[in-house]
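Structure at a glance
Residues per chain, in single letters:
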Amino acid sequence: LAAVDEAASKQAAREARVSGLFLEAVQKEERGNTEEAMVAYQEILKIDSSHAPSCINLGTIYYNQRQFGRAEQHYRRATVSDPNYALAFFDLGNVLDELQRLPEAIEAYRRAIRLVPSYADAHYNLALAYERTGEPRRALRHWRSYIKLDPIGPWANHARGQARKILDRTGLAIVYRRATQRRELPLRPSNPIARLERS
């Protein structure tokens, strides 16, 4: 019983240390101290190699530094550590897209959407990827999903424009217009999220 208590105590101390370091790392990153944040995330991963949020944040630092190979390694590590973490698959899709590995990027975005069907940004980036692989009908489905989920702002306007181009090119525009005239347009969300950057 004492050994169990000691093990539980060590585990609690380890978790507290990881939580404290993670908070420090995020604060350093927010203040622009990227190098210090990286050191803190790496320290966390020495303590807990399966800490998915640290893998993601470290991967994102590498992504922003255009070190895409390292970013991919950390995002993949996050997907293994937590296979239900949609953000890990979304970020993996972004780096694979940057690496021009579109079939893999598409699969990563699709996995993010399977985990969280309302993941607007994943629909957006998946639509872009489908357009680039010459699959306009699949792209259209995800442009429309994005518009339903996030109908306001420049990203929604871009999605509408892309959907219109696909409909005009494929001859589906008349069918689509008739269908949308018969049903109500989606309501504006009560608190739209501003999207300042898009990968």
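To be clear, the structure that these remarks concern was listed above.
These remarks concern the structure in this document. (Residues numbered from 1 in each chain as written. Predicted model: local features only at pLDDT ≥ 70, side-chain atom pairs only at ≥ 80, totals over all residues. Heavy atoms only, no water.)

1. Considerations on the environment of Ala 159
- With respect to the helices and strands, Ala 159 occurs in helix α9 (residues 154–170).
- Sequence separation between Ala 159 and Ala 139 is 20 residues, and the spatial gap between their C-alpha atoms is 10.0 Å.
- Setting aside anything within four residues of it in sequence, one finds Ala 159 in contact with Trp 143, Tyr 146 and Ile 147. (Helix = DSSP H or I, 4+ residues; strand = E, 2+ residues; numbered from the N terminus. Contact = heavy atoms within 4.5 Å.)

2. Thoughts on helix α8 (residues 136–149)
- Over its 14 residues, α8 runs 20 Å from end to end, which matches the ideal 20 Å to within 8%, given 1.5 Å per residue.
- Those residues of α8 lying buried are Ala 139, Leu 140, His 142, Trp 143, Ser 145, Tyr 146 and Ile 147.
- In the core, the buried residues of α8 are packed alongside α6 (102–115), α7 (120–132) and α9. (Expected span 1.5 Å × (residues − 1). Buried < 20%, exposed > 50% of the residue type's maximum accessible area, 1.4 Å probe, protein only.)

3. Describing the packing of helix α4 (residues 68–81) against helix α5 (residues 86–98)
- Interaxial distance between α4 and α5 falls to 9 Å at its minimum, and their mutual angle equals 155 degrees. Here α5 runs roughly antiparallel to α4, going by the angle between their axes. Here the hand of the crossing between α4 and α5 comes out left-handed. Across the interface between the two elements, Phe 68, Ala 71, Glu 72, Tyr 75, Arg 76, Ala 78 and Thr 79 of α4 pack against Ala 88, Phe 89, Asp 91, Leu 92, Val 95, Leu 96 and Glu 98 of α5. (Axes fitted to C-alpha atoms, helices over the stretch in contact; angles between N-to-C directions. Parallel < 35°, antiparallel > 145°, perpendicular 65-115°, else oblique. Left-handed = near helix turned anticlockwise from the far one by under 90°.)

4. Quick notes on the packing of aromatic side chains
- This model, assessed by the stated rule, comprises seven aromatic pairs.
- Between Phe 22 and Tyr 41 the ring centres are 6.0 Å apart and the planes differ by 55 degrees, which places this aromatic pair in the tilted class. Here Tyr 41 lies in helix α2 (residues 34–47) and Phe 22 lies in helix α1 (residues 2–30), a separation of 19 residues in the sequence.
- Here Phe 22 falls in the partly exposed class, since its relative accessible area comes to 21%.
- The buried category is assigned to Tyr 41, whose relative accessible area is 0%.
- With a centroid separation of 5.1 Å and an interplanar angle of 90 degrees, the aromatic rings of Tyr 124 and Trp 143 are classed as edge-to-face. Of this pair, Tyr 124 sits in helix α7 while Trp 143 sits in helix α8, placing them 19 residues apart in sequence. Like Trp 143, Tyr 124 is buried. (Phe/Tyr/Trp six-rings, centres within 6.5 Å; stacked < 30°, edge-to-face > 60°.)

5. Structural notes on the nonpolar core
- Counting 52 residues, the largest nonpolar core has Tyr 41, Tyr 75, Val 95, Ala 112 and Trp 143 as its most contacted members.
- Those residues within four positions of Tyr 41 in sequence are excluded, and the remaining contacts are Phe 22, Ala 25, Val 26, Glu 29, Ser 54, Asn 57, Leu 58 and Ile 61. (Core = buried A, V, L, I, M, F, W, Y, C linked by side-chain atoms within 4.5 Å.)

6. Let's talk about helix α3 (residues 52–64)
- For α3, spanning 13 residues, the distance from its first C-alpha to its last is 18 Å, which sits close to the expected 18 Å at 1.5 Å a residue.
- Among the 13 residues in α3, 10 count as buried, and that is most of the element.
- Within the sequence span of α3, burial applies to Ala 52, Ser 54, Cys 55, Ile 56, Asn 57, Leu 58, Gly 59, Ile 61, Tyr 62 and Tyr 63.
- Arg 66 sits one or two positions beyond α3 and adopts a positive phi of about 65 degrees.

7. Remarks on unusual backbone geometry
- Its identity as a non-glycine residue notwithstanding, Arg 66 has a phi of 65 degrees, on the positive side.
- As for its placement among the helices and strands, Arg 66 is situated in the loop between α3 and α4.
- Despite not being glycine, Gln 100 shows a phi value in the positive range, around 60 degrees.
- Within the element layout of this structure, Gln 100 appears in the loop between α5 and α6.
- Judged by its relative accessible area of 57%, Gln 100 is exposed.

The analysis is restricted to geometry; functional conclusions fall outside its scope.
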